[in-house]
Amino acid sequence: MNRPFCCCIVIALLQLTLSKPTEAVSVPGLQVKFLGQLTPTDLPTGVSFGGGGNAFERRVDLSGSIAAVGAGVFRQGADDGYAFAYDVSDPANIRQIARLRASDNSAGNEFGDGIAVSGNYVFVGAWGDRGDRGAVYMYDVSDPLNVIERKITAFDEAPNNAFGFSLAVDGNRLIVGAPKFTAATRPAAAYVVDFTNPDNLIQTKLVPGGDGGFGDAVAISGNYAIVGRSSHSSPFPFAGSAILYDITNPNAVRSKQLAPTDAPNYSAFGKRVSISGNKAVVHVTSDPGPTNNAGTSDGAVWAFDFSDWNNVVQHEYGRPVPTFGGPVAPFGRWLELEGNLAIAAAFNEDSARGAVYFHDISNVLDPVELLRLPAQTTGDMRFGIAMAADGPNLLISDQGGRVYLYQMIPEPTAFALISTAGLALTLARAPRRQRV
């Protein structure tokens, strides 16, 4: 997530009500085209696929032509976690290439409750493994007939640390959250795993000092990572914060705490984070935001520009005055940042059908709303409960277990307004996560 997305066109809010799947939604400057739907083969009865159930974790991800979706019945001690890998290179023929399950699968391991993809590698979280010590399974799907499994555990694993609860990947680095949910011998942490040599993994541990939900959400882009701790009680109870890390030198990691500047009007800051290049976005659950009343739970997003490490620029934005079925969205509960394009879900909007908003944050002090993408069909519920973006490609799932593939493309009329280093080239380049 480290390429520019330069588009500074002021665009009016697009409002559409759909009764059947749409081929494309567009405004001048940006088009989001529906390509197809990912469906599982041999999904056991009663197992939730993708965003099915009450999923708020990363259950979908993609890298280039490979997409993956987690499935299971989670947090009930079940033994039915799976992950499904797809080849999406031809949207007219989306093919399932692997049905993944831990070779040592056990009841309650929560396999499939987190997904990340980089090149030909699919990572599947299993934070309940072995007394909630947790694990991440790494699959090489380059040869679907001979999928290779590796199991990653924390080098200092301990019971109840929940290693694998959150995960994200960029290039050859994986970041794994271990937020700890019950008494444990080690504090909450996050681990950066360098898998340049898959047979010799190098782990760097990030510990903030004080738990506060540290590791609930993680993201990584190049030499920067961000970790949310949504129940951090500084400067006031359950306010939340996020920690930004410069991991250029694993032996001398720099860190910086990020928090809103409008205390005490917010809570649970850091429940969702995303990062790309020198920018980051962080969700805050209860916040007056730019248009909401104090104490509402509609949610807002804080955008950060840390191009100057010593002078971080930040600004808050939200959705417009609610006109789509009530104020509780919550806006930004799922976030993706691809270059300067911030993608935020409002999955309770429009009578819980959901919607997804696109903002240009080239200038974080003046985010520009580009597009509102409504639910794909009137039958969708909580559209946007999980998302993933890679270059021009976008996955969005809903609570009913539907996973949709979209393509984000610039409108031809906007080409003259976009620099050669901007939107058009961003969407034409190779995926940010290089094949390894």
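Residues numbered from 1 in each chain as written. Predicted model: local features only at pLDDT ≥ 70, side-chain atom pairs only at ≥ 80, totals over all residues. Heavy atoms only, no water.

1. Quick look at the overall build of the protein chain
Regarding its fold elements, the protein chain presents three helices and 30 strands. Residue pairs in contact within the protein chain that sit at least 24 positions apart in sequence constitute 54% of those at least 6 positions apart. Element-wise, carbon and sulfur atoms account for 49% of the exposed surface of the protein chain, whose accessible area totals about 15400 Å². (Helix = DSSP H or I, 4+ residues; strand = E, 2+ residues; numbered from the N terminus. Contact = heavy atoms within 4.5 Å. Areas by Shrake-Rupley, 256 points an atom, 1.4 Å probe, with all protein chains shown as cover.)

2. Some thoughts on the pairing of strand E20 (residues 273–276)
Side chains of E20 alternate between two faces, with Val273 and Ile275 and Ser274 and Ser276 buried alike. Summarising the sheet, E20 and strand E21 (residues 279–284) pair through four bridges and their orientation is antiparallel. Counted as the bridge partner of Val273 is Val282 from E21. Remark: two residues form the turn of the hairpin made by E20 and E21, two consecutive strands paired antiparallel; Gly277 in that turn has positive phi of roughly 60°. (Buried < 20%, exposed > 50% of the residue type's maximum accessible area, 1.4 Å probe, protein only. Pairing = 2+ DSSP bridges.)

3. Observations concerning the sheet that holds strand E8 (residues 115–118)
Reading across the sheet, the four strands line up as E8-E9-E10-E11 and stay open at both edges, with antiparallel pairing between neighbours. In the strand order of this sheet, the two ends are held by E8 and strand E11 (148–152), each with one partner. Adjacent strand axes in the sheet meet at a mean angle of 20°, parallel and antiparallel pairs treated alike. (Axes fitted to C-alpha atoms, helices over the stretch in contact; angles between N-to-C directions.)

4. Considerations on the pattern of salt bridges
Per the counting criterion, the structure on display carries 20 salt bridges. In this structure, Arg254 engages Asp246 in a salt bridge whose closest nitrogen and oxygen atoms are separated by 2.7 Å. By relative accessible area, Arg254 is classed as partly exposed at 38%. The exposure class assigned to Asp246 is buried, which follows from its relative accessible area of 8%. (Salt bridge = Lys/Arg side-chain N within 4 Å of Asp/Glu carboxyl O.)

5. Brief notes about the confidence of the model for the protein chain
Note: predicted coordinates in regions of low pLDDT should not be interpreted at a detailed level. Across the protein chain, the average pLDDT comes to 84, with 80% of residues at or above 70. In the predicted structure, residues 1–22 sits below a pLDDT of 50 and forms 89 contacts with residues beyond four places in sequence or in another chain. Across residues 413–436 the pLDDT falls below 50, and counting only partners more than four positions away or on other chains, this stretch makes 64 contacts in the model. (pLDDT = per-residue confidence, 0-100.)

6. As for the side chain of Arg229
Tracing the sequence through the fold places Arg229 in strand E17 (residues 224–229). In this structure the side chain of Arg229 is engaged in a polar contact, spanning 2.9 Å, whose partner is the side chain of Gln257. (Polar contact = N/O pair within 3.5 Å; in protein donor to acceptor, adjacent residues only side chain to side chain.)

7. Some thoughts on the sheet that holds E20
The strands making up a sheet associate through hydrogen bonds between their backbones, and the pairing can be parallel or antiparallel. Reading across the sheet, the four strands line up as E20-E21-E22-E23 and stay open at both edges, with antiparallel pairing between neighbours. Here the strands that pair on one side only, and so sit at the sheet edges, are E20 and strand E23 (313–317). Averaged over all adjacent pairs, the angle separating strand axes in this sheet is 15°, with direction ignored. Relative to E23, strand E22 (residues 300–305) runs antiparallel, the two sharing five bridges.

8. Side note on the side chain of His232
Take His232: it is sitting in the loop between E17 and strand E18 (241–246). A polar contact of 2.8 Å, which involves the side chain of His232, links it to the side chain of Ser241.

9. Things to note about the environment of Leu201
Mapped onto the elements of the fold, Leu201 is located in the loop between strand E14 (189–194) and strand E15 (202–206). Among the residues examined, Leu201 registers a relative accessible area of 27% and is labelled partly exposed. For the pair Leu201 and Ile152, spaced 49 residues apart in the sequence, the C-alpha separation amounts to 8.6 Å.

10. As for the environment of Asn93
On the secondary structure map, Asn93 appears in the loop between strand E6 (82–87) and strand E7 (95–100). Asn93 sits in the partly exposed class, given a relative accessible area of 42%. Between the C-alpha atom of Asn93 and that of Gly36, which follows or precedes it by 57 residues, the distance is 8.6 Å.

11. Details of the packing of aromatic side chains
Enumeration over the complete set of coordinates arrives at 20 aromatic pairs. Arranged with centres 6.4 Å apart and planes meeting at 90°, the rings of Phe111 and Tyr139 form a pair that is edge-to-face. You can see Phe111 sitting in the loop between E7 and E8 and its partner Tyr139 sitting in strand E10 (residues 135–140), a full 28 residues away along the chain. For the pair Phe111 and Tyr139, a shared accessibility class is recorded, and that class is buried. (Phe/Tyr/Trp six-rings, centres within 6.5 Å; stacked < 30°, edge-to-face > 60°.)

12. Side note on unusual backbone geometry
The backbone phi angle of Asp42 is positive, close to 65°, even though this residue is not glycine. Turning to its location among the elements, Asp42 is positioned in the loop between strand E2 (30–38) and strand E3 (48–49). Although it is not a glycine, Ala162 sits at a positive phi angle of roughly 60°. When you line up the elements, Ala162 lands in the loop between E11 and strand E12 (166–170).

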